[in-house]
Amino acid sequence: MSAETITLTGGIDVGNGYVKGVIRNTETGVFDEIDLPSAVVSTTRQNPKVPLPDATAAEVLGDDAAKAGDDFYNRLDCTMTTPLIAASDRRIFGRSSLHARGSKFTEFEVLGKHSKVDQELAKVLVLGVFAAKALRDHVRATGALPDRELRVRIRAGLALPISEFVARRHTYAAEFMGAAGTAAPVVHLVTIKNFSTPVSVRLEFVDVQVMAEGASAQFAITDKGEPLAQALLDDLRGRQGHLAKDVTATHLVAVRNTIGVDVGEGTVNFPVFTDGRFNPEAAFTLEQGYGSALMNAMERMSESDSSLQFTSRKQLADFLQGEPSMLQKGRHERAAGFVTDEAKYLVDEIVSAFGDVLSQAGATTEVVYVYGGGAGPVRELLHPALLQVAGDIPVLYLDSSYSRHLNREGMYIAARHVELGSMAQSETNDEMAV
């Protein structure tokens, strides 16, 4: 393979609220962890903001900038030419989009029936983060912007809601790669315009593994093994006192019959594993999530509290997620109160759906895992309610510091597994040739 080609392997969890990803450069071994709001501002203006000088590339894209909180993924500015996207508008990504002025602010619809994967935003976000990773790695290696087009080959792990996984997983992968049997792969061109000199990045997907949302998190839990299992048991014993003292982390890692409660912003997925295999017949997707509570809370705020005006649910979620200053504390508490009131209705829906899934999965269920980006904000309401329905089945509620990243890690594991299999096959072919 040409030395000018960058090869990346990544798991990208495109949630209704946030994009969580991990991407590895297969040649250098450098990982990037990605966490940005699932939102962009689009504009037809050629210069919506002043570009950065080319000489600042190493400073802006380097690891020191990321450590200081200046995350390039959250300030990406680019256009795209690809069959997946109709308009070649200029798009500003992530947290920068929450405060940028543009023609159109786009986030996922969470109150309607319009599937996330049918919305262009899902493809925009996937292509954007891979292009940004490629540029970062080039600048890391050379200290400067490239003087030619970057070519990138990608192995990706992506996900679909459980309700769409069985019927659409092959066609979704083909949207990025091209249909099986086609002569050439689909080419996606991303032009990054953060700097005075635009940078062209040509993306080609050589493999896309599509998993069911929530199911990918179960793979990550298994992969983390006994350290995570022990932490979960320690937490659970303070909440479910009847859990047998002789249940160990080893027992937990070995379970083969589980239910997941993956609380997202637009959906809540209930992946079921029976005898160690994903069971699509028992699994279920609830077509609402934490974003529904945010939207309903915003509506109530606009009617009753003029000091709590947010332009989007992303802006509200970002405000609640951060630590308020002393001057913001009162507004922060009032906003959180509105959201908690609406979250009570969401919890009722989750618990009702969980009861149905538990009945379908049967008495063989050994453990229930709760995780996802929306799980943390509703924990105090949701955990005791799930414990009551589960009876003597342990309900392990994962801490938000890692639970919101489990799906991305499971997707990366899937993409990496295929990559390793391909490498092993290549080595075998080389041996046979000799």
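The rules behind each value
Residues numbered from 1 in each chain as written. Predicted model: local features only at pLDDT ≥ 70, side-chain atom pairs only at ≥ 80, totals over all residues. Heavy atoms only, no water. Helix = DSSP H or I, 4+ residues; strand = E, 2+ residues; numbered from the N terminus. Buried < 20%, exposed > 50% of the residue type's maximum accessible area, 1.4 Å probe, protein only. Areas by Shrake-Rupley, 256 points an atom, 1.4 Å probe, with all protein chains shown as cover. Contact = heavy atoms within 4.5 Å. Core = buried A, V, L, I, M, F, W, Y, C linked by side-chain atoms within 4.5 Å. Pairing = 2+ DSSP bridges.

- Taking an unreviewed UniProt entry as the reference, the chain is identified by name as Plasmid segregation protein ParM belonging to Kribbella aluminosa.

## So, the overall build of the chain
Then, in step 1: Summing up its helical and strand segments, the chain has 14 helices and 17 strands in all.
Then, in step 2: The buried share of the chain, reckoned over its 434 residues, is 53%.
Then, in step 3: Approximately 19300 Å² of the chain is accessible, and the part contributed by carbon and sulfur atoms is 51%.

## Some points on the side chain of D13
Then, in step 1: Structurally, D13 is set in strand 1 (residues 5-14).
Then, in step 2: Not counting residues within four places of it along the chain, the set of residues in contact with D13 comprises Y18, V19, K20, R404, N407, R408 and M411.

## Here we look at the nonpolar core
Then, in step 1: Core analysis: the largest hydrophobic core is formed by 54 residues, its most contacted members being F130, L135 and I192.
Then, in step 2: Examining the composition of this core, we find that 13 residues originate from one element, helix 4 (residues 120-142), more than from any other.
Then, in step 3: Non-local contacts of I192, meaning those with residues more than four positions away in its chain, are made with F72, L76, D77, C78, A131, A132, L135, T197, P198, V199 and V201.
Then, in step 4: Counting 46 residues, the second-largest nonpolar core is a separate cluster that includes L286, A385, I393 and V395.

## Concerning the pairing of strand 9 (residues 188-192)
Then, in step 1: In terms of burial, strand 9 is a largely internal element, 4 of the 5 residues being buried.
Then, in step 2: When strand 5 (residues 77-81) meets strand 9, the two strands line up antiparallel, connected through 4 bridges. Across the sheet, the residue bridging to C78 is I192, located in strand 9.
Then, in step 3: Across 5 bridges, the pairing between strand 9 and strand 10 (residues 199-212) is antiparallel. When the bridges of strand 10 are listed, I192 appears paired with V199.
Then, in step 4: Counting the residues that bridge the hairpin from strand 9 to strand 10 gives 6 residues.

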